[in-house]
Amino acid sequence: MSAPDTVVLHSGVVRYAHWTWAIGVIILIGSGWRIYNQEPLFEFLSFPVWLTIGGDYAGAERVHNDFGLAGALLWHFAAMWLLAVNGLVYIVLGIATGRFRRKLLPIRPGDVIADARAALAGKLAHDDLSVYNAVQKLLYLGVILAGIVMVLSGLAIWKPVQLQELTALFGGYDAARYVHFFAMAAIVGFLIVHVALALLVPKSLRAMIAGR
């Protein structure tokens with residue numbers, strides 16, 4: 001029987017999907033923030049240009065101009081298709097191989113509350129990385145759903161006439177923009193928690209790099 005430190009935790013496909021997703025999301029969010037600055041949903045909120053991805057940064061202090069918008073759109077659409085294809089492959093394989101069922105189900109409210117309390121008290125065990133706790137299960141399922149919503153609402157914004165049924169499903173073009181924004185915010189929140197936990201439990205990061 002293999003020693004615990006040689007157990008394969010993440011297959012090559014899972015690791016490839018994870019890091020592709022990470023790169024794609026960074027590009028998507030950075031370019032999305034540049035696009036958002038051109039027509040903000042909230043008057044009190046704009047993103048520093050140095051945090052965004054787009055074209056030339058000349059005149060970057062004028063965050064509401066259209067400088068670099070074309071470049072941001074190109075980056076945004078490229079990342080969108082990368083994430084859509086990568087996500088579709090990941091979801092299909094996750095269902096077909098039973099990985100989702102084994103890793104993410106079941107989720108019981110009582111377990112989520114108990115594990116959340118243990119995490120806040122610093123008493124949540126991380127001995128077995130092959131088993132997700134209830135909070136992890138909820139977060140991973142939540143970010144998958146947020147990703148699906150973000151892609152669909154993005155398509156509704158991009159092609160509101162050609163995909164008018166999809167746009168109508170979100171309550172119209174303006175409502176779809178808000179849905180898209182809050183889906184993005186949910187993913188950013190997940191990333192913050194995910195990176196923080198990876199730094200607190202370094203062996204989980206090593207496992208996603210080496211697979212073992």
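This one's a predicted model, so the numbers in the text were calculated from it and none came from an experiment.

Caption draft 1: Here's a closer look at the layout of surface pockets. Size it by volume and the second largest pocket reaches roughly 580 Å³. Lining the second largest pocket are 24 residues, with Gly 32, Ile 35, His 76, Ile 157 and His 180 positioned closest to its centre. Where the lining of the second largest pocket is concerned, the elements lending two or more residues are helix 1 (12-38), helix 2 (69-96), helix 5 (134-158) and helix 7 (173-200). Here the lining of the second largest pocket is composed, by residue class, of 17 nonpolar, five polar and two charged.

Caption draft 2: Layout of the pattern of salt bridges. Taken as a whole and judged by the stated rule, the model has two salt bridges. For the salt bridge of Arg 177 with Glu 39, the shortest nitrogen-to-oxygen distance reads 3.8 Å. Taken together, the residues span a long stretch of sequence, with Arg 177 in helix 7 and Glu 39 in the loop between helix 1 and helix 2 at a distance of 138 residues. Two residues, Arg 108 and Asp 111, come together in a salt bridge whose shortest N-O distance is 3.5 Å. Overall, Asp 111 belongs to the partly exposed group, its relative accessible area being 35%.

Analysis parameters
- Residues numbered from 1 in each chain as written.
- Predicted model: local features only at pLDDT ≥ 70, side-chain atom pairs only at ≥ 80, totals over all residues.
- Heavy atoms only, no water.
- 1 Å grid on protein atoms, 1.4 Å probe; cavity = no way out; pocket = protein on both sides within 12 Å on 5 of 7 lines; lining within 4 Å.
- Points joined across faces, edges and corners; volume = space filled by probe spheres on them.
- Helix = DSSP H or I, 4+ residues; strand = E, 2+ residues; numbered from the N terminus.
- Nonpolar A, V, L, I, M, F, W, Y, C, P; charged D, E, K, R; others polar.
- Salt bridge = Lys/Arg side-chain N within 4 Å of Asp/Glu carboxyl O.
- Buried < 20%, exposed > 50% of the residue type's maximum accessible area, 1.4 Å probe, protein only.

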